[in-house]
Amino acid sequence: MHYVIIGNGVAGITAAFMLRKRDPHAQITVIGGESDYFISRTALMYVLMDRMNRRDLEPFERRKYTENNITLLRAWVTALNASTRTLRFADGASLTYDKLLLATGSAPNPAPWPGVAHTGTGILNFVSLQDLAKWEYHLPATRRVVVVGGGLIGVELVECLRHHGIEVDFLVRESWYWPMALAPEEGEIIANHLRRHGVQLHLGDEIAEVVANPARQLTAVRTTQGRELPCQALGACIGVRPAIDWLRNTQTPPACNRGVQVQADFRTSLPNVWAAGDCAELPTGQVEQLWYSAKRHGELAALSMLGDAVNYTPPLFYNSAKLFDIEYTTVGVGGPESYFRRLPGKDVSIRIMHETDGTVTGFNMLGSRWDHAWFETWIAERRTLPHVLKNLAQAQFDVEFGRVSLKALGVGA
Amino acid sequence: MIRAGRAQALLHNVKNRGWAAWALAALFTAFYVALYFTEAFTPIAQALGLGSKWTLYGTLYTIAVTAGGIHVIRKYRHNRYQVIRTLVVIVVQCTFAYSIPLLLKFLHQPEYYFSYFWPLKFEYLTPSYLASVPLPFVLYSVVGSLVLVPLLAAFFGKRWYCSWVCGCGGLANTFGEPWRHLSDKSTTSWKIEKVTIHAVLIASVGLTVLLFFTYGANKSDPQLARFTGEFQSYYGLIVSSILSGVVGVGLYPLGGTRVWCRFACPMAALLGIVQKAGRFRIAVKKDMCISCGMCSKYCEMGIDVRSYAQANESFTRASCVGCGMCAEVCPRGVLNLVQIKRAGQ
Ligand SMILES: Cc1cc2nc3c(=O)[nH]c(=O)nc-3n(C[C@H](O)[C@H](O)[C@H](O)COP(=O)(O)OP(=O)(O)OC[C@H]3O[C@@H](n4cnc5c(N)ncnc54)[C@H](O)[C@@H]3O)c2cc1C
Ligand code: SF4
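Remember, it's a predicted structure, so these values are computed and weren't measured experimentally.

We now examine the site of ligand 2. Residues and elements named next belong to chain B. As a matter of local geometry, ligand 2 sits amid 13 residues, with C289, C292, G293, C295 and C330 nearest to it. At the level of elements, helix 15 (294–297) and helix 16 (305–309) are the ones that each hand at least two residues to the shell around ligand 2. The residue inventory of the shell around ligand 2, partitioned by class, reads 10 nonpolar, two polar and one charged.

What follows covers unusual backbone geometry. In this structure, P119(B) follows W118(B) across a cis peptide bond, with omega equal to 5°. You will see that R85(A), though not glycine, has its phi angle at about 55°, which is positive. Within the secondary structure, R85(A) sits in the loop between strand 4 (77–81) and strand 5 (86–89). By relative accessible area, R85(A) is classed as partly exposed at 32%. For R216(A), which is not glycine, the phi dihedral falls at a positive 65°. Note that R216(A) resides in the loop between strand 13 (207–212) and strand 14 (218–223). The partly exposed category is assigned to R216(A), whose relative accessible area is 42%.

All names here are of chain A. As assigned here, chain A comprises domain 1 (2–107 + 241–305), domain 2 (116–238) and domain 3 (318–395). Domain 1 and domain 2 are separated by 30 Å when their C-alpha centres are compared. Taken residue by residue, the interface counts 14 residues in domain 1 and 16 residues in domain 2. Buried area between domain 1 and domain 2, summed over both chains or domains, comes out near 1400 Å², and the portion from carbon and sulfur atoms is 68%. Counting across the domain 1 and domain 2 interface gives one salt bridge. Between R54 and E136 there is a salt bridge, with its nearest N and O atoms 2.9 Å apart.

Counting residues in each nonpolar core, the largest one holds 194 residues, and the members touching the most others are L87(A), W135(A), F170(A), L392(A), Y161(B) and L335(B). Residues in contact with F170(A), not counting those within four places in the same chain, are V147(A), G149(A), G150(A), G154(A), V155(A), V158(A), Y177(A), L194(A), V199(A), Q200(A), L201(A) and H202(A). Within the second largest apolar cluster, 24 residues are counted, among which are V14(B), F28(B), V89(B) and W179(B).

In this assembly, 41 residues from chain A lie in contact with 42 residues from chain B. The contact between chain A and chain B buries some 3500 Å² in all, and 49% of this surface belongs to carbon and sulfur atoms. Contact with chain B buries area across many residues of chain A, yet F397(A), E400(A) and F401(A) alone supply 18% of it, more than any other trio. In this assembly, chain A and chain B are joined by three salt bridges. Where R332(B) meets E156(A), a salt bridge forms, and the shortest distance between an N and an O atom there is 3.7 Å.

Now for the packing of helix 7 (residues 135–156) of chain B against helix 14 (residues 266–277) of chain B. Residues and elements named next belong to chain B. Here helix 7 crosses helix 14 at 45°, and the two axes come no closer than 8 Å. Overall, the two elements helix 7 and helix 14 adopt an arrangement that is oblique. In this structure, helix 7 crosses over helix 14, and the sense of that crossing is right-handed. Together, V149, P150, A153 and A154 of helix 7 and M267, L271, V274 and Q275 of helix 14 make up the contact between the two elements.

Okay, the side chain of R332(B) next. The residue R332(B) is located in the loop between helix 17 (325–329) and strand 2 (335–339) in this model. Those residues in contact with R332(B) that lie beyond four places of it in its chain are E156(A), S320(A), A321(A), K322(A), E327(A), K285(B), M288(B) and I290(B).

What follows concerns the environment of L27(B). Residue and element names in this part refer to chain B. Among the structural elements, L27 can be located in helix 2 (residues 19–37). What makes L27 exposed here is its relative accessible area of 54%. Sequence separation between L27 and G236 is 209 residues; the distance between their C-alpha atoms is 23 Å.

Right, let's get into the sheet that holds strand 5 of chain A. Residue and element names in this part refer to chain A. Strand order in this open sheet of three strands is 4-5-6, and the pairing throughout is antiparallel. With one partner strand each, in any of the chains shown, strand 4 and strand 6 (94–96) form the two edges of the open sheet. Recorded for the sheet is a direction-independent mean angle of 20° between the axes of neighbouring strands. Relative to strand 5, strand 4 is paired through four bridges, and the arrangement is antiparallel. Opposite L80, over in strand 5, you have L87 as the bridge partner.

Once that is clear, we can look at the site of ligand 1. Around ligand 1 lies a shell of 34 residues, among which A11(A), V77(A), D278(A), W291(A) and R332(B) are the nearest. In this structure ligand 1 sits where residues from chains A and B come together. Between a nitrogen atom of ligand 1 and a side-chain N or O atom of W246(A), the distance comes to 3.4 Å. At 2.6 Å, a side-chain N or O of R332(B) approaches an oxygen atom of ligand 1. Computed on the free molecule, ligand 1 has an accessible area of 990 Å², of which 93% lies beneath the protein chains in the complex. At the level of secondary structure, the elements contributing two or more residues to the shell around ligand 1 comprise helix 1 (10–22), strand 2 (27–32), helix 5 (152–163) and helix 8 (291–305) of chain A. The dominant element in the shell around ligand 1, judged by the number of residues it contributes, is helix 8 of chain A, at three residues. Here the shell around ligand 1 is composed, by residue class, of 17 nonpolar, 12 polar and five charged. Mapping the shell around ligand 1 onto the domain boundaries places at least three of its residues in each of domain 1 (2–107 + 241–305) and domain 2 (116–238) of chain A.

The rules behind each value
- Residues numbered from 1 in each chain as written.
- Chains lettered and ligands numbered in written order.
- Predicted model: local features only at pLDDT ≥ 70, side-chain atom pairs only at ≥ 80, totals over all residues.
- Heavy atoms only, no water.
- Near = heavy atom within 4 Å.
- Helix = DSSP H or I, 4+ residues; strand = E, 2+ residues; numbered from the N terminus.
- Nonpolar A, V, L, I, M, F, W, Y, C, P; charged D, E, K, R; others polar.
- Buried < 20%, exposed > 50% of the residue type's maximum accessible area, 1.4 Å probe, protein only.
- Domains from an automatic or database assignment.
- Contact = heavy atoms within 4.5 Å.
- Buried area = accessible area lost by both parts, 1.4 Å probe.
- Salt bridge = Lys/Arg side-chain N within 4 Å of Asp/Glu carboxyl O.
- Core = buried A, V, L, I, M, F, W, Y, C linked by side-chain atoms within 4.5 Å.
- Axes fitted to C-alpha atoms, helices over the stretch in contact; angles between N-to-C directions.
- Parallel < 35°, antiparallel > 145°, perpendicular 65-115°, else oblique.
- Left-handed = near helix turned anticlockwise from the far one by under 90°.
- Pairing = 2+ DSSP bridges.
- Polar contact = N/O pair within 3.5 Å; in protein donor to acceptor, adjacent residues only side chain to side chain.
- Areas by Shrake-Rupley, 256 points an atom, 1.4 Å probe, with all protein chains shown as cover.

As structure tokens, this is what we get:
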């Protein structure tokens, strides 16, 4: 049995280890175009900030792959023929499989603005090792950067740039920071925090046009509000989409919509082909683009490939992030009402969302640490706000001596 | 390295084993060789009115801990564990490890360091030393080394000593801050560490037993006495001078700050065994780790913290000194230093 996995990201590698755990004798090959070894994309920012080096990005020691007899291949796959079970690589080589897992992850959305076609250099993403290398190449000669896109990757990039003393204009289309996840109060806490870190935050503004000089180097960005922002680089952080363009035009494409469409057991429409991670579109139409979900997909897809019955439904949403110095934990969904408290004068706040009858539906916590497992339990048990407030201290996860005082937060008051 | 500008480039060089780091390592090593094996610093100490070269060394050490400590407190001012811990380190160094022994000497008492215990301060549990100091010192040393230190470690982990009290750890966590990430994280290092540190522990326990035995035999066996004497002087030379001083601090800019603590300290070995059986844990929040690796990178003991965090395993490692830096640098708040209620949990 030859298992082949396209994509050496967290979904692909987790699947490979799971396959090996259950099948000691199978041949397992993982193909990756971006890097020789699995890297943690989530830590790209720490390399750009000079707090880690490239080798530190590898979550596993290299010996682990040889010990588990997993073959790693550095190549870009360009074509799939499911009738002959063959893959073709960019260099012309080919490989046959018995069972295939597509775990190709995400690719950045292309820059949509007028002027991009005339700009040769200066528009950069922040998703891959290659993007990281470009930033490292550009930074020494860079004084001003425009970053566009009010999601998490945008803030991470902004933090890196500020770390190196670069002037940053941060364009966020919405009228407060990250309305998809945060209410205006929290949006304002974040906005003020960013400004204190020297970020020129422009809310409610977006790019109208990018401007390049005759040498095709980016020189400025014009916005819809009429700003002209001179810059040497533009960080385009306007979201990612499943990295499946190559699959759409191949001989035997699997059914694709936004991503590769999979059943609840991660099977695609092609025989012997599964998909997992950022590139998979679930039966609900969801594309989960999170580290944890990719890990979980990888594990379950491997079990499905091994013949186990798998029936995946996405769990209750949770995530965490760090926005400069502010840690952020979120669990669940919004509700018609919410309970909000802020530590006076501090970038610390809690918001507990609930139904009109008090049943808690979600949490949005800024500036202190929480064990999300408690939140998940309370939501699953359909607890009401008074119960949650009474037991809130249980879920605190701050460092010793550093526990945020719920009394000072005004909980109970 | 992406940063333009000379100061930043030099800083990167010093912190990442560049030529400047090698130069600094050579300088530290030369300093310790001169200190331990020559009298080069004696005239300087006398000119400064400090009496002996060891007092001069103690003064420099205290300055390094205090200055480095202030830097660390500023850097981690948002983290109360780090602030309080570092304050304690500075205060212990300035009092128990510096001014109190000086005061005792001035009062014609034994120059006793209340923050050091056997087997780190090996002579504090040797028969000849115990016979030479007043009874309160004997009691403090025996009870401290054999009861107090291990008992606290069983409850709080070895951190209460290694990261809060000990001068070696104190210097590492203050002055050594720029180099903490240089520790080697490979499983090979882990294997080597287990062999070397326990070898030193066996040597120190063995030597202590031998000393009492020889003392009891009361020189009736000159061959045994000679053997014990030689053993003790080799132990002093290799462990106390070369490993803890010259190598321990000399390697800061190349191998990270806790080379001595990790590979050779008999106290760390002993407390590590207690810690493994005790209540201290690094708690891992379930399914929240993004495998970024900051925790492993900044672990001065070379523990691959990420390997536990990404596997959702709360853990204790014998070597963990509980400095708390993994929890500090983790961008997702995954880790926490805790005492579990009952052992075995
Ligand atoms: C900067 C950044 C920060 C992030 N931070 C967080 C975070 O804090 N929390 C969180 O939950 N998520 C975060 N994410 C999202 C998270 O990284 C992804 O959800 C996760 O990496 C998806 O894993 P994956 O294995 O599906 O795909 P990927 O990690 O994208 O891996 C896919 C791999 O497949 C390779 N590949 C693709 N096509 C081919 C081909 N045709 N041939 C060969 N190889 C191919 C790619 O090169 C890539 O290496 C972040 C993402 C970025 C970019
Ligand atoms: S620092 Fe935190 S998120 Fe990063 S690998 Fe360690 S535990 Fe995981």
